[in-house]
Amino acid sequence: MTVANTANFSVNVRAPNGSNQTLITNVPLTVTSAVPGVATVSGTPVLQAGSASSSAATLQGVASGTTTLTVSAPGFTPATSATITVQP
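Quick caveat: nothing in here was measured; it's all calculated off a predicted structure.

A. Local environment of the overall build of the chain. The secondary structure content of the chain amounts to 0 helices and 10 strands. Traced from its N-terminal end to its C-terminal end, the chain shows the element sequence β-β-β-β-β-β-β-β-β-β. Judged by the C-alpha coordinates and their principal axes, the chain covers about 40 × 20 × 20 Å. Looking at the chain as a whole, 24% of its 88 residues qualify as buried. Within the chain, counting contacts between residues at least 6 apart in sequence, those at least 24 apart form 57% of the total.

Right under this line is the structure:
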């Protein structure tokens with residue numbers, strides 16, 4: 001990713017221990033950047049009932065550097081992404 005560019009992304013989830021549990025209601029996700037001065041997130045992705053992928057959110061590069069994204073939702077353990085690097 002480069003400064004001022006954007007990328008759409010979705011969140012994929014897996015049930016713990018390989019179980020085949022599925023959502024029965026829509027779940028809005030909160031996605032935050034650990035370093036918003038490097039990259040910001042806009043939009044509120046939603047996990048749809050019965051799906052393992054969310055609707056899209058947008059990541060925008062703000063300045064050169066690295067950050068991670070953390071995804072959280074009520075009743076779920078937060079998850080952190082791999083390192084994201086924003087180039088000049």
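B. Focus on the pairing of strand S6 (residues 57–61). Covered by surrounding structure in S6 are Ala57, Leu59 and Gly61 only, the residues Thr58 and Gln60 on the alternate face being uncovered. Bridge analysis of strand S1 (residues 6–9) against S6 gives 4 bridges, and the strand direction is antiparallel. Pairing of Ala7 across the sheet is with Leu59, part of S6. Note that strand S4 (residues 39–42) and S6 share 4 bridges and pair antiparallel.

C. Local environment of the sheet that holds S4. Across the sheet, which stays open at both edges, the 3 strands sit in the order S1-S6-S4 with antiparallel pairing between neighbours. Every interior strand has two partners, whereas the edge strands, S1 and S4, have only one. Shown here is a sheet whose adjacent strand axes are inclined to one another by a mean of 25°, direction ignored.

D. Examining the side chain of Ser54 more closely. Among the secondary structure elements, Ser54 is positioned in the loop between strand S5 (46–47) and S6. Relative accessible area serves as the criterion here: at 10%, Ser54 is assigned to the buried category. Only 2.8 Å separates the side chain of Ser54 from the backbone nitrogen of Val11, close enough to count as a polar contact. Not counting residues within four places of it along the chain, the set of residues in contact with Ser54 comprises Ser10, Val11, Leu29, Pro45, Val46 and Leu47.

E. Up close: the nonpolar core. Ranked by size, the top nonpolar core spans 16 residues in total, and within it Phe9, Val27, Leu29, Leu59 and Leu69 carry the most contacts. Only S6, strand S8 (69–72) and strand S10 (84–86) provide two or more residues apiece to this core. Filtering out sequence-adjacent residues up to four positions away, Leu29 remains in contact with Val11, Thr44, Pro45, Leu47, Ser54, Val71, Ser72 and Ala73.

The rules behind these values
Residues numbered from 1 in each chain as written. Predicted model: local features only at pLDDT ≥ 70, side-chain atom pairs only at ≥ 80, totals over all residues. Heavy atoms only, no water. Helix = DSSP H or I, 4+ residues; strand = E, 2+ residues; numbered from the N terminus. Buried < 20%, exposed > 50% of the residue type's maximum accessible area, 1.4 Å probe, protein only. Contact = heavy atoms within 4.5 Å. Pairing = 2+ DSSP bridges. Axes fitted to C-alpha atoms, helices over the stretch in contact; angles between N-to-C directions. Polar contact = N/O pair within 3.5 Å; in protein donor to acceptor, adjacent residues only side chain to side chain. Core = buried A, V, L, I, M, F, W, Y, C linked by side-chain atoms within 4.5 Å.

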